[in-house]
Amino acid sequence: MSLERVNPAGLSPATGFSHAVVATGSRLVFLAGQTALAADGTVVGATLPEQFRTALSNLLAALAAAGGTPGDLARVTVYATDVADYRSRAGELGEIWRELAGRDYPAMAVIGTVRLWDSEALVELDGFAVLG
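All figures in this text were calculated on a predicted structure; none of them were measured in a lab.

Chemist: Provide a residue-level description of the layout of surface pockets, including the pertinent values.
Modeler: What the largest pocket holds in volume is close to 490 Å³. Taken together, 18 residues form the lining of the largest pocket, with T15, G16, F17, Y86 and A90 sitting closest to its centre. Contributions of two or more residues to the lining of the largest pocket are made by helix 2 (83-88), helix 3 (90-101) and strand 5 (107-112). Its residues placed into classes, the lining of the largest pocket shows 11 nonpolar, 4 polar and 3 charged.

Chemist: Break down the packing of helix 1 (residues 48-65) against helix 3 for me, with residues and values.
Modeler: Packing of helix 1 against helix 3 leaves a shortest axis separation of 10 Å and a crossing angle of 25 degrees. Taken as axis vectors, helix 1 and helix 3 run roughly parallel relative to one another. Note that helix 1 runs across helix 3; the crossing there is right-handed. For the pair helix 1 and helix 3, the contacting residues are L48, P49, F52, R53, L56, S57 and L60 in the first and E92, L93, I96, W97, E99, L100 and A101 in the second. Residues that form the contact of helix 1 with helix 3 fall into these classes: 10 nonpolar, 1 polar and 3 charged.

Chemist: I'd like to hear about the side chain of S18, residue by residue, with values.
Modeler: In this structure, S18 sits in the loop between strand 1 (2-6) and strand 2 (20-24). Residue class for S18 comes out buried when judged on its relative accessible area of 4%.

Chemist: Lay out helix 3 with the relevant residues and their values.
Modeler: Across its 12 residues, helix 3 extends 15 Å between first and last C-alpha, which sits within 8% of the 16 Å expected from 1.5 Å per residue. Of all the residues in helix 3, the buried ones are L93, G94, I96, W97 and A101. Relative to the axis of helix 3, the buried residues are bounded by an arc of 160 degrees and lie together on one face. Exposed and oriented more than 90 degrees from the buried face of helix 3 are E95 and E99. Against helix 1, strand 4 (73-80), helix 2, strand 5 and strand 6 (123-131) lie the buried residues of helix 3. Residue G102 follows helix 3 closely and has a positive phi angle near 90 degrees.

So, how was this worked out
Residues numbered from 1 in each chain as written. Predicted model: local features only at pLDDT ≥ 70, side-chain atom pairs only at ≥ 80, totals over all residues. Heavy atoms only, no water. 1 Å grid on protein atoms, 1.4 Å probe; cavity = no way out; pocket = protein on both sides within 12 Å on 5 of 7 lines; lining within 4 Å. Points joined across faces, edges and corners; volume = space filled by probe spheres on them. Helix = DSSP H or I, 4+ residues; strand = E, 2+ residues; numbered from the N terminus. Nonpolar A, V, L, I, M, F, W, Y, C, P; charged D, E, K, R; others polar. Axes fitted to C-alpha atoms, helices over the stretch in contact; angles between N-to-C directions. Parallel < 35°, antiparallel > 145°, perpendicular 65-115°, else oblique. Left-handed = near helix turned anticlockwise from the far one by under 90°. Contact = heavy atoms within 4.5 Å. Buried < 20%, exposed > 50% of the residue type's maximum accessible area, 1.4 Å probe, protein only. Expected span 1.5 Å × (residues − 1). Arc of directions from axis to C-beta.

Written as structure tokens, this is what we have:
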């Protein structure tokens, strides 16, 4: 498996994401949306960074159970109920990402949404990975 991150010089600098990811491998893992749900089904964390940490941890746990690692992530979509809050906390969220997933960023998008499945949820992450 290999992932080649492509960030053309003619585009704005890629900070916390890659503009494109070229993936080759034998297995695709599609990861369902993960929020800040604890094992008992309750949303944990009152702030966006707290919930982002748990949602990303849940996404990475699902990926690990499928045999993957954070470096295998080719695409992640972030759904946020408050994009302005997400953007204002981008530095802190980036620190959480690097702590849990490293510095190899997948292709990413942040999409604003009015509400998530659980009304207390502030953020949800889904994506896919390519395994060798």
